[in-house]
Structures are given as C-alpha cells and as structure tokens.
Amino acid sequence: MAQANDQILSSAQPGTVYSVTGTATGRLFAALTNEAEARAIAALQMAEGAPQRYVGACPPFDEILAPLETVRRTGVSITYSFPQPGVTAIAAPVYNFSDELELAVTMIGAAEEIDISLDGDHVAPLRALAATISRKLGYFANASGA
C-alpha cells in the first residue's frame, strides 16, 4: 500500500452502487457487458429521485457512447476529474473461467497524481493486476489477446 500525498473523500462502503454511466467502474461494465442491460440500468439510475443511491453522475447512455468505445478499444476505463473534480479513476476488467466480466479493479486518486497514459505508471500495473486476478479465477486470454 502506498500512502497518497493528498486525501480524497470517498463515500464507498459495503453496498455502494456506482453509476453505470458516470464512473470509471460503471462505464467498464457498460462497455464490456450486454448493452441492453446496461442501458436499462442507466435508465433506472437516471430516473431515481433525490437523493440518489448511486456514486457518480448519471448522464444518459447515449452521451457516453464515445467513452464506451474507448473502453472497448483500450481495455480500461478512465475518468479524469469526473464525476468528482480533482479525482481520477482507472478501472480494469477481471474475467472469470467462463470468459465473463467478473469484477473491476479500480484505482482512484488525486487527478494530478495519477498517470492516465496507457503505458504509464498506473494504467499498466493496474491492467497487470487485473490479468493476474483473472488467471487465478481460471481465465485465459483468447486468441485476440483480450
């Protein structure tokens, strides 16, 4: 564990639900799972009145199509200073033995301290960690290298 220089405020606790359209973790699931299901979840989250139970903004699904395509292309989801200004998150997928997305490993921190370049100090090691966990769950990358 490495202690950060700055503190960030996080409301995560057991049972916390992240917005499927407004967080790095949610967007990872929206991009890599069934789109119809992700759209339905997004609609339910947007329709919930205040106070919402979800962490993160809930933009309409159609507003995040470009970021979802980036997640599919790069294999990671990155939100920079969004939905909370000054806080950045990187989410990497963990797959199970059935080649299904099982969970996300997400790193959050002060935006100025997280390197969001794909081969940088944070994304590459997070991807490697997610791949290690996936292998321990019985996942072996398919021929496409996913």
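Summary of the structure given here. This is a predicted model, so every value here is computed, not measured. (Residues numbered from 1 in each chain as written. Predicted model: local features only at pLDDT ≥ 70, side-chain atom pairs only at ≥ 80, totals over all residues. Heavy atoms only, no water.)

**Re helix α4 (residues 123–136)**
Residues that lie three or four places apart on an α-helix share one face, since the helix turns once every 3.6 residues. Cut-off, in case you're wondering: Helix and strand definitions follow DSSP, with helices as H or I runs of at least four residues and strands as E runs of at least two, each counted in order from the N terminus. Multiplying 1.5 Å by the helix residue count minus one yields the expected span of that helix. The contact rule is simple, with two residues in contact once any of their heavy atoms fall within 4.5 Å.
For α4, built from 14 residues, the straight-helix expectation of 20 Å at 1.5 Å per residue is met to within 8% by its first-to-last C-alpha distance of 20 Å. On its buried side, α4 packs onto β3 (77–79), β4 (87–95) and β5 (101–110). Positive backbone phi, approximately 95°, marks glycine 138, located one or two places after α4.

**Observations concerning the nonpolar core**
For the record, the criterion: Put simply, a nonpolar core is a bunch of buried Ala, Val, Leu, Ile, Met, Phe, Trp, Tyr and Cys residues held in one set by side-chain atoms that sit within 4.5 Å of each other. For every residue, the accessible area obtained with a 1.4 Å probe (protein chains only) is divided by the maximum for its type, and the residue is called buried under 20%, exposed over 50%, and partly exposed between those limits.
Core analysis: the biggest nonpolar cluster contains 13 residues, and Ala30, Phe61 and Leu68 have the highest contact counts within it. Residue assignment for this core shows that the elements contributing at least two residues are α1 (24–32), α2 (35–47), α3 (65–74) and β4. It is α1 that contributes the most residues to this core, four residues altogether. Setting aside chain neighbours within four positions, we find leucine 68 in contact with Arg27, Ala30, Ala31 and Phe61.

**Side note on the sheet that holds β4**
The following threshold applies: In this description, strands pair whenever DSSP reports at least two bridges between them. Every angle, taken between N-to-C directions, lies between 0 and 180 degrees, and every axis is a line fitted to C-alpha atoms, over only the stretch in contact when it is a helix.
The strand order across the open sheet built from three strands is β3-β4-β5, with neighbouring strands paired in antiparallel fashion. Both edges of this open sheet fall to β3 and β5, since each of them pairs with a single strand only. If you compare each strand with its neighbour and ignore which way they point, the axes differ by 15° on average. Both β4 and β5 contribute to a ladder of nine bridges, which runs antiparallel. Of the residues in β5, the one forming a bridge with threonine 88 is glycine 109. Sheet contacts for α4: β3, β4 and β5; angle to β4, the most-contacted strand, approximately 30°.

**Focus on the pattern of salt bridges**
Note the cut-off: Whenever a carboxyl oxygen of Asp or Glu lies within 4 Å of a side-chain nitrogen of Lys or Arg, that contact is scored as a salt bridge.
In the structure shown here, the tally under the stated rule is three salt bridges. With its nearest N and O atoms 2.9 Å apart, the salt bridge here joins arginine 39 to glutamate 35. Taken together, the residues span about one helical turn, with arginine 39 and glutamate 35 both in helix α2 at a distance of four residues. In this structure, glutamate 69 engages arginine 72 in a salt bridge whose closest nitrogen and oxygen atoms are separated by 3.3 Å. Of the two residues, glutamate 69 and arginine 72 both sit in helix α3, three residues apart, roughly one turn of that helix. Classification of glutamate 69 by relative accessible area gives partly exposed; the value is 45%. Owing to a relative accessible area of 35%, arginine 72 belongs among the partly exposed residues under this scheme. Overlapping salt bridges, with partners in common, bring together Glu35, Arg39 and Asp62 in one network.

Interpretation note: all reported values are geometric properties and have no functional meaning in isolation.
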